[in-house]
Every structure is written in structure tokens, then in C-alpha cells.
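# Descriptive structure summary
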Amino acid sequence: MSPSRQQKGIRMSQQPTVAVLGLGAMGHAFAANLLKKGFTVYGWNRTRARGEDLLQSGLRLADTPEQAVESADVVIAMLSDGETTEHTLHQVKEALKQGATVAQMGTIGVEKTDALIAWFAEQRADVVFIDAPVSGTKAPAENAQILVMASGDQTRAQGAETVFAAIGKGTQWLGEAGKSSRMKLVVNSWLIGLMQSLAESTRLAETFGFTPDDLWQVLDGGPLAAPYAKVKLATIASGDFTPQMHLLWALKDAKLALDAKGDAKLPALEHIAELWQQAVDAGYGEQDLASVYQYLKA
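Residues numbered from 1 in each chain as written. Predicted model: local features only at pLDDT ≥ 70, side-chain atom pairs only at ≥ 80, totals over all residues. Heavy atoms only, no water.

It is worth spelling out the sheet that holds strand β2 (residues 41–44) at this point. What the six strands build is an open sheet, ordered β3-β2-β1-β4-β5-β6; its pairing is parallel. Either end of the sheet is taken by a strand with one partner, and the two such strands are β3 (60–61) and β6 (128–131). Relative to strand β5 (residues 101–104), strand β4 (residues 74–77) runs parallel, the two sharing four bridges. Looking at β5, one finds that V75 is bridged to V102. Relative to the sheet, helix α8 (residues 158–167) contacts β1 (18–21), β4, β5 and β6, its axis offset from that of β4 by approximately 55°. (Pairing = 2+ DSSP bridges. Helix = DSSP H or I, 4+ residues; strand = E, 2+ residues; numbered from the N terminus. Contact = heavy atoms within 4.5 Å. Axes fitted to C-alpha atoms, helices over the stretch in contact; angles between N-to-C directions.)

What follows is the structure, encoded as C-alpha cells:
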């Protein structure tokens, strides 16, 4: 065997077996990238069809979450909300391998995250629980360009770090478990505020006879040229609001931040949450969050 092939074999033998619970846009992208990089990947989704296109790439699609996790060294939970995540992880308690790592990567808020941390400490202290939501949406996830915000016992997280390196461009460790879910709410609050401001600024620009491209050209010439703004202005200009992040899920994140804000005064976020609820009620929830521009234009 040549040295290169031998080294490749060693690397693959060191890769943890992974289970991905939740094969929506993000979980599907995680599973696809892991498969491309030679990982053994089990997958489970409530709607089985979500994972069937990955069967030819080697995904081992399970009928139950218990079947998905029983051979996994690292379990990724990327489910729609806190209640679903909590229910599913409780369900697999007995099926998890001794010493397995559970990486909770969805945006489920502070209350559910803290409850899961306490539950694992009591029910399965051998399991390493990593709080690891991500910064990035569908396209960055598909291209392994997300940033993982991880918190928990990094000294026991070698398997998780190998997985994170395969699905993202970097991992930022933030301290004890629970810190990452808090930072995720901070990041998403910024994103939500930026999107609302961008939608309103675009409407004002159009009132003055400027296009979204005109607006970006001016932003691009100075310190306000956020790459995210460029992407969303292009979405607005195209009129194609195929979701990278559903407006409905962005609204969920705004509400999670407001639920956890304590004494912090967040009047702008409160106003945006009310407005976006109106947009969701008007039928924009399943479109990209940039569709709030369309709601303002209607």
C-alpha cells in the first residue's frame, strides 16, 4: 500500500461514526458533507423522504431515532424547535452509546438548552453534551462554510471537533455549555434587525428611484458593506424568495431572544417580532426572511 493510501486509511479509521437527527435544510447539508468526506453517517427524519436522496451517497437511513444513534460516536441534533429536540433526545436516552457525544446544533433557546444540559447530567452523565448552534443558513451549510459556536467540555469533544471541521469553516468555543445558545440569540437578533432595516431602506431607495443594486453599489464603497446585505439585496432584486432561512423560523428566533432577554430593553426587536408575525399571518412564513420586503410592498 502506498503511503498516501495508508494515511488515508488511518484518517478514515479515526473518523467517528455520526448520526444526524433531523434532515431538513441544515441537517441534510451536514449529512451530505460528512458523507463526501468519508464518514459513516446514520440519519433520521420524521419525514423519511427528506433523506432518501442521500442513500446513494451512503447514508444509512433509520426508521427511528434510536436506530440512528445506537452505533454513533457523535450525534447531531438539528431539529425544528426546542420541544421536538427535547422529546427526541429523551427518546434516545437508552440507545446512546456509552460515552457518546451529543451536539445540539439547532436554535432552541435558553430554557430548553439549559433543561437538556441538566437532564443529561442527571440521566446520562457519561454522555458529552455540546451546545453547538451555527452561524449560517442553507447555502453556507451546503458549502461547509458555517461557523460552529460550541460550548461545553472541550477536553472531551475531540470527536465533535472532527465532525465540526467537516461541516463548517471554523469552530468558536465560548465556554461552558449553554453559552453558545445565548450567543446564537445575540447573533440572530443582529441578523433580524439588519434584515428589517435592509427591507425598509430598499423600499425608501425605490421611492427615490434607486434599485437594490444601486443601494449595494453605494454600500460596497464604504464600511457598511456587510456581505449578508449583498446576498439579501440580490434576493430582493431577483424576486425569488426560495428560503435560505424561513421567515417563520426567523420569527421563532426573535421570540426566543425576547423570552430570554431578562431586564434588557429591546424595543426594536419587539416591534420587528410583531411586524413579522403579521407577515407570517399574511402568508409569507414559508418564504425566505427577505420576503418581509414583499410584505412591506404589498
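So that's the structure; there's more coming.
Counting through the fold element by element, Q196 comes out in helix α9 (residues 179–207). Using a relative accessible area of 3% as the deciding quantity, one classes Q196 as buried. Along the sequence, Q196 and Q98 sit 98 residues apart, while their C-alpha atoms lie 46 Å from each other. Those residues in contact with Q196, other than ones at most four positions away along the chain, are I272, L275, W276, V292 and L296. (Buried < 20%, exposed > 50% of the residue type's maximum accessible area, 1.4 Å probe, protein only.)

Here the focus is helix α6 (residues 109–123). The end-to-end C-alpha distance of α6 is 21 Å, a good match for the 21 Å that 15 residues give at a rise of 1.5 Å each. Where α6 is buried, its residues touch α5 (82–91), β5, β6, α9 and α12 (247–259). (Expected span 1.5 Å × (residues − 1).)

We now examine the sheet that holds strand β9 (residues 168–173). The strands making up a sheet associate through hydrogen bonds between their backbones, and the pairing can be parallel or antiparallel. Taken together, three strands build an open sheet; the order of strands is β7-β8-β9 and the sheet is mixed. Of all strands in the sheet, those bounded by a partner on one side alone are β7 (134–135) and β9. Note: strand β8 (residues 146–150) against β9, five bridges, orientation parallel. Among the inter-strand pairings, I146 is bridged to a residue of β9, identified as G168. The strands that α8 touches are β8 and β9; relative to β9, the one it contacts most, it runs at about 140°.

As a further point, take the pattern of salt bridges. Across all of its chains, the model carries 10 salt bridges by this definition. For K112, the salt bridge goes to E86, with nearest N and O atoms at 2.9 Å. Placement of the pair is K112 in helix α6 and E86 in helix α5, with a sequence separation of 26 residues. Salt-bridge contacts for D126 lead to R124; the nearest nitrogen and oxygen are separated by 2.8 Å. (Salt bridge = Lys/Arg side-chain N within 4 Å of Asp/Glu carboxyl O.)

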